[in-house]
Amino acid sequence: QVQLVESGGGLVQAGGSLRLSCGASGRTWSNYFMDWFRQAPGKEREFVARIRWSGGYTAYADSVKGRFTISRDNAKNTVYLQMNSLKPEDTAVYYCAALLMGTDKYERWGQGTQVTVSS
């Protein structure tokens, strides 16, 4: 069964750090981009970061550049989002998603993990 499962969310004070994990199972991911999105209450879902599973490419939204780092561990089939210098405006549900390279349709989404940053 193809699955993406996020974990690592929680409550943190402004300026703190969290590391989110996205466990990917059920298929070979070498031809995929793995993205992180987030959605805050009353707002649209927004792109946060991307990594090419086969390596050599990452991208970030301007709002998180320099604070967040996306990475992956091929042996563990896991994608990470290290979030530092967190701000209250980073509060959202964070989702990981798998995008087959060369297409524009996300094939799989995780269930999301809540991140709350207190001021």
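All values reported here derive from a predicted model rather than from experimental measurement.

Caption draft 1: Structural view of the sheet that holds strand β1 (residues 3–7). Strand order across the open sheet formed by four strands is β1-β3-β8-β7, with antiparallel pairing between neighbours. Lying at the two open borders of the sheet, with one neighbouring strand each, are β1 and β7 (68–73). Averaged over all pairs of adjacent strands, the angle between strand axes in this sheet comes to 15°, irrespective of strand direction. Note: strand β3 (residues 18–25) against strand β8 (residues 78–83), six bridges, orientation antiparallel. Within the sheet, the bridge partner assigned to L18 lies in β8 and is M83.

Caption draft 2: Just the environment of S85, in detail. Inspection of the secondary structure puts S85 in the loop between β8 and β9 (92–100). C-alpha of S85 to C-alpha of A14: the two residues are 71 residues apart in sequence and 7.0 Å apart in space. For S85, the residues in contact, after removing those within four places along its chain, are G15, G16, S17, R67 and D90.

Caption draft 3: Quick peek at the packing of aromatic side chains. Under the defined criterion, the tally for this structure stands at six aromatic pairs. Ring centres of W29 and Y32 lie 5.1 Å apart, and the angle between their planes is 70°; on these two criteria the pair is classed as edge-to-face. A residue is classified by how much of its surface remains accessible, and W29, at 2% relative accessible area, is buried. On the accessibility criterion, Y32 (3% relative accessible area) is buried.

Conventions and cut-offs
Residues numbered from 1 in each chain as written. Predicted model: local features only at pLDDT ≥ 70, side-chain atom pairs only at ≥ 80, totals over all residues. Heavy atoms only, no water. Pairing = 2+ DSSP bridges. Helix = DSSP H or I, 4+ residues; strand = E, 2+ residues; numbered from the N terminus. Axes fitted to C-alpha atoms, helices over the stretch in contact; angles between N-to-C directions. Contact = heavy atoms within 4.5 Å. Phe/Tyr/Trp six-rings, centres within 6.5 Å; stacked < 30°, edge-to-face > 60°. Buried < 20%, exposed > 50% of the residue type's maximum accessible area, 1.4 Å probe, protein only.

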